[in-house]
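Structure assessment
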Amino acid sequence: MLLKLENVKKQYGTFTLDCSIEVKKGQVTGLVGSNGAGKSTTFKSVLGLVFPDSGKIELFGKTPDEITDEDKEKLGVVLTEANACEVLRAKDLAPIMKAMYKHFSLEDYLNKCKKYGIPLDKPIKEFSTGMKAKLKVILALTHDAKLLILDEPTAGLDVTMRNELIDMLREYMENEECGILISSHISTDLEGLCDDIYMISDGKIVIHEDTDVLLSEYGVLKVTKEQYDEIDKQYIISQKEEKFGYLCFTNQKAFYQENYPNIAIEKGSIDDLIIMMSKGGHH
Amino acid sequence: MKGLLIKDIKIIISQKKFFIMAIFLAAVFAWTTEDVTFSASYIVLLLSMLTLTTLSYDEANGGMLFLLTLPATRKTYVKSKYTFAVLNLVFASVFAFALCYVFAMVKGTALPLDDVISSIMGIMVAMGIMLSVTIPLELKYGAEKGRIAMLACIAVIVVLGIGVYKLLTEVIKVDVEGILLKLLERLPAVGNGLEILIVGVLLVILLLIFFVSYCVSGKIIKKKEF
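Residues numbered from 1 in each chain as written. Chains lettered and ligands numbered in written order. Predicted model: local features only at pLDDT ≥ 70, side-chain atom pairs only at ≥ 80, totals over all residues. Heavy atoms only, no water.

1. Here we look at the layout of surface pockets
It is the rolling of a water-molecule-sized probe over the atoms that shows where space remains empty. The criterion, for reference: Cavities and pockets are defined on a 1 Å grid built over the protein atoms alone: a cavity is a set of grid points where a 1.4 Å probe fits but cannot escape, while a pocket is an open set with protein on both sides within 12 Å along at least five of seven lines, and lining residues are those with an atom within 4 Å of any such point. Grid points are joined across faces, edges and corners, and a volume is the space filled by probe spheres set on the points. Runs of E in the DSSP output that reach at least two residues are strands. Runs of H or I that reach at least four are helices, and both are numbered from the N terminus. All residues other than Ala, Val, Leu, Ile, Met, Phe, Trp, Tyr, Cys, Pro, Asp, Glu, Lys and Arg, Gly among them, are scored as polar; the first ten of these are nonpolar and the last four charged.
If you add up the space inside the largest pocket, you get close to 770 Å³. Lining the largest pocket we find 29 residues, and of these Gly48(A), Phe51(A), Pro64(A), Asp65(A) and Arg74(B) sit closest to its centre. Among the elements of the structure, helix H1 (39–46) and strand E4 (54–59) of chain A together with helix H5 (74–107) and helix H8 (192–223) of chain B are those that each provide at least two residues to the lining of the largest pocket. Classifying every residue of the lining of the largest pocket gives 16 nonpolar, seven polar and six charged.

And the structure:
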């Protein structure tokens, strides 16, 4: 087990985070949810940047209080809001990283910068959004981390770049001792990468499922008001009212396919999961 | 910690225009006034302020979030910041002294060693105290509000100082100036040994203030959420 959160609670005004998550060795775990659902707070709690009110966090088997600089060398982190000092250049970051991480590979860093078009001699403040995003990921990937904690690492990247980045992460996962906790609002990134997905809504984990199961067994029924009244609702986990009737989210697509052949059923996707299970949908 | 110190040095190097301007202005002052002591103090003042510059850059744009996700705990960060502040202050003083020395050589004048050393020491202690107050305030309130808090602190100290002075001279009717003058008159009589002692005592006091400030900063950052 690389990371374990058990009933981690944190109160901000009327918002309460109450979160339990596990990241195992050799696994990529996705965390999805709409903006403000509590993803960043979860990440920050893991990293000891905010202090949960209660609950238990274990990172490499240690509580955040016990985490030393040496333990932190085994982490690769990308946070949306976190940026390296903008007057520095990519070149300046190399000796800093070298001094910080025993396993920092200068060669790997320079190669990746070159490969992904990061200028070494320009101050970061002159970078495009995409370049900044790429640099952050490169910094997280070049010091032999055991666990990657990536909050929206693909934000600001175009399709090609996103795919390249996902490939980088796949390559990283070839080492089975490693794991990734990743959040993204671009669900296709996660569908091809994650082994399991946690869905967080209004601070609470509402679904935890293997990605395969989610994609094969979950689905969205499009039903009219009359059909809605008729169907058996025991496998409907949430519904939304629409002009034509209802959208119903189910975790047993096959049940409805067999019993109600007339109903239009769409294959589940992470986008559906987010739309149907976010605040506003009726669970 | 080494990484954080390298980061601070890299930030300062990125401000090299500021350096060149500072040295140029100091040279102009020294040349026109024929008084190197003012330039020396000016250099120490400007360079020691660079510690606050690094603090502002650390904070800007989620910089602290970034730094704390690196192998650097909050404690390491504070330790590196104070180490940097002390090193920077020492460097600034040595650099200012070296500049005065070079200036005197170029101009062919004698270096007023006592004056230069005492003005550098004086400004060094003053800046040290200023940093000891400002660093914890900036860590607690952020760069912007921290500076306002620092100004408020200075205002309070000045008002308190004037208040105490007025209280002593006007209400209790103590001849403060007379006492101070008498004290000062006695000093040189003891000879040069005492000057070194005073400098030594001042430095020890400065280090103590730094240490207290370091502990306070440590407590502040320990509780801070990012």
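Having seen it, we continue.
2. Section: a nonpolar patch on the surface
Spelled out, the test is: Exposure above 30% relative accessible area and no salt bridge define the residues that can form patches, which grow by joining like charges within 9 Å and nonpolar side chains of Val, Leu, Ile, Met, Phe, Trp and Tyr within 5 Å. What sets the accessible areas is the Shrake-Rupley method with a 1.4 Å probe; for residues, cover comes only from the shown protein chains. Put simply, a salt bridge is a Lys or Arg side-chain nitrogen that is within 4 Å of an Asp or Glu carboxyl oxygen.
On the surface, Met21(B), Phe24(B), Leu25(B) and Val28(B) cluster together into a nonpolar patch covering about 350 Å² of accessible area. Structurally, the position occupied by Leu25(B) is in helix H2 (residues 16–33).

3. So, the environment of Asp212(A)
Residue and element names in this part refer to chain A. Here is the rule: Think of it in three bands: with a 1.4 Å probe and only protein chains considered, a residue is buried below 20% of the maximum accessible area for its type, exposed above 50%, and partly exposed in between.
Assignment of secondary structure puts Asp-212 in helix H8 (residues 211–217). Given a relative accessible area of 61%, Asp-212 falls into the exposed group. The spatial distance from the C-alpha of Asp-212 to the C-alpha of Glu-191 is 8.6 Å, given a sequence separation of 21 residues.

4. Side note on empty space enclosed by the protein
The full count for this structure, using the stated rule, is five cavities of 30 Å³ or more. Counted as a void, the largest cavity has a volume near 110 Å³. In terms of lining residues, the largest cavity is bounded by 15 residues, among which Val77(A), Ala140(A), Phe66(B), Thr69(B) and Leu70(B) are the most central. Broken down by secondary-structure element, the contributors of at least two residues to the lining of the largest cavity are strand E5 (75–78) and helix H5 (129–141) of chain A together with helix H4 (63–69) of chain B. Looking at the lining of the largest cavity, the element that brings in the most residues is E5(A), giving four residues. Residue composition of the lining of the largest cavity, grouped by class: eleven nonpolar, three polar and one charged. Approximately 90 Å³ is the volume found for the second largest cavity. As for the second largest cavity, its lining consists of 14 residues, and the residues nearest its centre are Ala84(A), Cys85(A), Lys7(B), Phe66(B) and Leu67(B). Mapped by element, the contributors of at least two residues to the lining of the second largest cavity are helix H3 (90–100) of chain A together with helix H3 (36–59) and H4 of chain B. For the lining of the second largest cavity, the residue count by class is ten nonpolar, two polar and two charged.

5. Examining the packing of aromatic side chains
Quick reminder of the rule: Note on aromatic contacts: the rings of Phe and Tyr and the six-membered ring of Trp form a pair at centre separations within 6.5 Å, being stacked when their planes are under 30 degrees apart, edge-to-face when over 60 apart, and tilted otherwise. Distance and angle both matter: a charge sits over a ring if NZ of Lys or CZ of Arg is within 6 Å of the ring centre and within 35 degrees of the ring normal.
One pass over the full model with this rule turns up 13 aromatic pairs over all chains. Seen in terms of ring centroids, Phe104(A) and Tyr109(A) are 5.5 Å apart; in terms of plane orientation they differ by 55 degrees. Their pairing is tilted. Across the pair, exposure class does not vary: Phe104(A) and Tyr109(A) are buried alike. For the pair Tyr256(A) and Tyr260(A), a centre-to-centre distance of 5.9 Å together with 25 degrees between the ring planes defines the contact as stacked. Note that Lys74(A) overlies the ring of Phe60(A), its terminal NZ or CZ placed 4.7 Å from the centroid. Stacked on the ring of Tyr141(B), the Lys or Arg Lys140(B) has its end atom at 6.0 Å from the ring centre.

6. Overview of the domain arrangement of chain A
What counts, and what does not: Domain boundaries shown here were taken from an automatic or database domain assignment.
Under the domain assignment used here, chain A contains domain 1 (3–212) and domain 2 (219–267). Between domain 1 of chain A and domain 2 of chain A, the C-alpha centre-to-centre distance is 36 Å.

7. Some details on the state of the cysteines
Stated formally: Pairs of cysteine sulfur atoms within 2.5 Å are identified as disulfides in what follows.
Applying the stated rule across the entire model yields zero disulfides over all chains. With no disulfide partner, Cys178(A) has as its closest neighbouring cysteine sulfur the one in Cys194(A), 16 Å distant.

8. Here's the deal with helix H4 (residues 106–115) of chain A
All names here are of chain A. Under the convention used in this document: Our arc is simply the arc of the directions from the helix axis toward the C-beta atoms. Whether two residues are in contact is decided by their heavy atoms: any pair within 4.5 Å suffices.
Among all positions of H4, only Tyr-109, Lys-112 and Cys-113 are buried. Along the long axis of H4, the arc covered by the buried residues comes to 100 degrees, so they all point the same way. Residues Glu-107, Lys-114 and Lys-115 are exposed on H4 and point more than 90 degrees away from its buried face. Where the residues of H4 are buried, they touch H3, H5 and helix H6 (159–172).

9. Thoughts on the packing of H5(B) against helix H6 (residues 113–171) of chain B
Each packed pair of helices is defined by two parameters, the angle between the axes and the distance between the axes. All names here are of chain B. The following threshold applies: Geometry is summarised by axes, namely lines fitted to C-alpha atoms with helices restricted to the contacting stretch, and by angles between N-to-C directions that run from 0 to 180 degrees. By definition in this entry, angles of less than 35 degrees are roughly parallel, angles greater than 145 are roughly antiparallel, angles of 65 to 115 are roughly perpendicular, and the rest are oblique. Put simply, a crossing is left-handed when the front helix is turned counterclockwise from the back one by less than a right angle, and right-handed when it is turned clockwise.
Packing of H5 against H6 brings their axes to within 10 Å, and their N-to-C directions diverge by 160 degrees. On the basis of their axis angle, the class for H5 and H6 is roughly antiparallel. In this structure, H5 meets H6 at a crossing whose hand is right-handed. Residues Tyr-77, Val-78, Lys-81, Tyr-82, Ala-85, Leu-89, Val-90, Ser-93, Ala-96, Phe-97 and Cys-100 of H5 pack against Leu-113, Val-116, Ile-117, Ile-120, Met-124, Met-127, Gly-128, Leu-131, Ile-135, Pro-136 and Leu-139 of H6.

10. Some details on the interface of chain B and chain A
Just so we agree on the cut-off: Throughout, buried area stands for the accessible area (probe radius 1.4 Å) lost by two parts on being put together, summed over both.
At the junction of the two partners, chain B supplies 28 residues and chain A supplies 30 residues. At the boundary of chain B with chain A, total buried surface from both sides reaches about 2,600 Å², with 66% on carbon and sulfur atoms. The largest share of the area that chain B buries against chain A comes from Phe66(B), Thr69(B) and Pro71(B), three residues that together contribute 26% of it. Linking chain B with chain A are two salt bridges, by the criterion used here.

11. So, helix H11 (residues 270–277) of chain A
For H11(A), the buried fraction is high: six of the eight residues fall into the buried class. Restricting attention to buried positions, one finds in H11(A) the residues Ile270(A), Asp272(A), Leu273(A), Ile274(A), Met276(A) and Met277(A).

12. Some details on the packing of H4(A) against H5(A)
All names here are of chain A. Orientation of H4 relative to H5, taken along the N-to-C sense of each, is 155 degrees, at an axis distance of 10 Å. Relative to H5, H4 is oriented roughly antiparallel. The element H4 and its partner H5 pack so that their crossing is right-handed. Between H4 and H5, the residues in contact are Asp-108, Tyr-109, Lys-112 and Cys-113 and Leu-135, Ile-138, Leu-139 and Leu-141, respectively. Considering only residue class, the contact of H4 with H5 consists of six nonpolar, no polar and two charged.

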